[in-house]
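Chain residues, written in single-letter form:
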Amino acid sequence: MAYKAPRGTFDILPEDWPYWNFVISKARELSALYGYEEIETPIFESTNLFVRGVGEGTDIVEKEMYSFQDKGKADLTLRPEFTAGVMRAYVEHGMHTRPQPVKLFSLGPLFRYERPQAGRFREFHQFNVEAIGSQDPALDFEVMSLAWQFLEELGFRGLSFQVNSTGCPECRPKYVEALKEYYYAHYDEICEDDKRRLGRNPLRVLDCKNPQCQPIIAGAPKIADFLCDECAAHFATLRRYLDAAGRRYTVNHRLVRGLDYYTKTVFEVWAEGIGAQNAVCGGGRYDGLIEEIGGPPTPGVGFAVGLERVISTLRSQGVKVPEPPPPEVFVAALGKKARDKAVPLANELRQHHVPTLLSFGKRGLKGQLRNANRAGARFALILGDDEVAAGVVTIRDMESGKQEQVKQKEIFAWLEARAQPARGR
Ligand code: HAM
């Protein structure tokens with residue numbers, strides 16, 4: 001065929017949906033449990049929103065955005081993440097007048113022009129959570145707990161947090177200076193990428209995967225030694241909450257994350273069998289972001305979980321998810337007269353909320369019953385000329401193979417008497 005799904009994108013097929021539904025309904029259930037309400041923002045936004053919000057020197061803005069001009073010459077970008085758009089909505093709808101913090105979650109697709117590889121796609125999906133309008137470290141702990149419980153209840157094992165504090169506009173610049181000074185002293189030993197990063201986005205040198213840079217990173221100054229009193233106290237309180245809850249975490253001095261808006265807390269969730277490159281969840285605090293995009297100074301904290309990574313882990317760990325219930329009834333018909341009865345019968349069954357499949361085309365009875373079997377139907381309702389003449393249907397129990405004739409008028413009562421409670425009629 002001439003067409004394929006674009007590189008880095010994929011179809012979510014019917015057989016995938018039990019996983020997607022399981023994960024999405026768990027996201028909705030736990031959001032409600034923690035008091036988070038749903039918000040949906042547009043899939044494209046002004047390009048500038050992301051340039052300002054995510055940050056000019058980031059990989060996302062420099063290399064990964066799907067940006068375009070529409071026919072009215074507006075500069076737009078397919079959202080590479082949720083946070084900037086949700087903050088835009090917070091400001092646009094004056095949500096600062098609501099009781100704070102405003103707690104929101106979203107589910108949907110994001111777009112990044114990345115090099116596709118395992119767990120990395122160009123269209124992917126997130127469960128995204130934001131809590132806006134409070135500086136309380138208890139809120140950092142709350143969103144982290146929601147992320148943890150979400151993954152745990154999906155069946156993840158071996159969860160742990162990586163946490164760090166990236167400071168604030170008061171203390172971070174001093175750290176960046178010290179880091180640059182140290183790196184320039186080792187300029188000949190570092191990779192070309194790091195040389196470039198030093199100019200544009202120096203904190204990202206800590207994230208470098210190049211083997212030659214690892215000893216340099218190990219000896220680099222740590223931000224923990226530069227935090228101002230407020231940032232240090234915030235981080236200490238958060239760790240106290242994590243300790244009290246018995247959460248497994250590592251203070252990771254190298255954790256800087258790829259978006260510019262973070263202040264104070266940053267974190268990732270790692271799970272067993274998923275390496276550092278494959279964090280299932282990342283987030284943190286962004287106390288300067290709303291101001292950066294033109295709103296009143298407003299703090300916030302949140303995270304996003306990558307749903308593809310979650311689902312592929314569930315699959316590889318063999319986690320069982322609920323399957324949709326099979327159809328109750330499969331209506332089979334032989335001959336034109338029977339067919340003319342079968343079509344309204346299937347229609348009527350559905351009006352009564354009996355999950356029903358109808359056989360289409362001209363197949364023999366054997367072929368139709370094979371389809372009923374494949375679909376997992378509980379009963380086949382068989383109509384042939386004899387049945388039509390006698391005003392009955394033959395009902396076959398697909399499991400036992402037992403058949404009986406039931407008057408057409410009595411079909412509903414017959415099915416009702418055998419209804420499984422799970423059907424919820
Ligand atoms: P992020 O770390 O860029 O953070 O993405 C969060 C999660 O989305 C990652 O941990 C990963 O599971 C998934 N993800 C990211 N890129 C891809 C990709 N190309 N393919 C598949 N999965 C991917 C953010 O997006 C922040 N907005 C999170 C946040 C919310 N911070 C505060 N509030």
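In this text, all values refer to a predicted model and were calculated from it rather than measured experimentally.

K.L.:
Please explain the site of the ligand as it appears in this structure.
P.N.:
Taken together, 27 residues lie near the ligand, and Glu81, Glu114, Phe121, Glu130 and Tyr262 sit nearest. In the environment of the ligand, a nitrogen atom lies 2.6 Å from a nitrogen or oxygen atom belonging to the side chain of Glu114. Gln126 places a polar side-chain atom, nitrogen or oxygen, 3.0 Å from an oxygen atom of the ligand. Considered on its own, the ligand offers 660 Å² of accessible surface; in the complex 96% of this is hidden by protein. Taken together, the elements giving at least two residues each to the shell around the ligand come down to strand E6 (123-132), strand E10 (281-285) and strand E11 (300-306).

K.L.:
How should I be thinking about the domain arrangement of the chain in this particular structure?
P.N.:
How big an interface is tends to be reported as the loss of accessible area on association of its parts. For the chain, the assigned domains read domain 1 (14-171 + 227-316) and domain 2 (329-419). On a C-alpha basis, the centroid separation for the pair domain 1 and domain 2 is 51 Å.

K.L.:
What should I look at first to understand the pattern of salt bridges in this one?
P.N.:
Any two side chains of opposite charge can pair, on the condition that their charged atoms come close. If you walk through the whole model with that rule in mind, you get 23 salt bridges. Across the pair Arg52 and Glu292 runs a salt bridge, and its minimum N-O distance is 3.1 Å. A residue pair is termed long-range when its members are at least 10 positions apart, and Arg52 in helix H2 (residues 47-54) and Glu292 in helix H10 (residues 289-292) qualify at 240 residues. Residue Glu292 is classed as partly exposed on the basis of its relative accessible area, which comes to 37%.

K.L.:
What's the story with the sheet that holds strand E8 (residues 249-251) in this structure? I'm lost.
P.N.:
Strands pair in a sheet through their backbones, by hydrogen bonds, and they do so in one of two ways: parallel or antiparallel. As summarised here, the arrangement of the eight strands in space is E1-E5-E6-E11-E10-E9-E7-E8, forming an open sheet in which the pairing is mixed. Of all the strands in the sheet, the pair left with one neighbour each is strand E1 (37-38) and E8. One ladder, built from two bridges, connects E1 with strand E5 (residues 102-111); its direction is parallel. The residue of E5 that forms the bridge with Glu37 is Leu104. Contacting E1, E5 and E6, helix H1 (residues 17-34) runs over the sheet at an angle of about 160 degrees to E5. Packed onto the sheet, helix H4 (residues 83-92) meets E5 and E6 and runs at close to 40 degrees relative to E6.

K.L.:
Help me understand the sheet that holds strand E2 (residues 44-46) in this model?
P.N.:
Strands sit in the order E2-E4-E3 across an open sheet of three strands; the sheet is antiparallel. At either margin of the open sheet sits one strand with a lone partner, and together these are E2 and strand E3 (66-69). Neighbour-to-neighbour, the strand axes of this sheet turn through a mean angle of 35 degrees, independent of strand direction. Bridge count between E2 and strand E4 (residues 75-78): three bridges; the pairing is antiparallel. Looking across to E4, one finds that Phe44 is bridged to Leu78. Across the face of the sheet, H2 comes into contact with E2, E3 and E4 while running at roughly 75 degrees to E2.

What counts, and at which threshold
Residues numbered from 1 in each chain as written. Predicted model: local features only at pLDDT ≥ 70, side-chain atom pairs only at ≥ 80, totals over all residues. Heavy atoms only, no water. Near = heavy atom within 4 Å. Polar contact = N/O pair within 3.5 Å; in protein donor to acceptor, adjacent residues only side chain to side chain. Areas by Shrake-Rupley, 256 points an atom, 1.4 Å probe, with all protein chains shown as cover. Helix = DSSP H or I, 4+ residues; strand = E, 2+ residues; numbered from the N terminus. Domains from an automatic or database assignment. Salt bridge = Lys/Arg side-chain N within 4 Å of Asp/Glu carboxyl O. Buried < 20%, exposed > 50% of the residue type's maximum accessible area, 1.4 Å probe, protein only. Pairing = 2+ DSSP bridges. Contact = heavy atoms within 4.5 Å. Axes fitted to C-alpha atoms, helices over the stretch in contact; angles between N-to-C directions.

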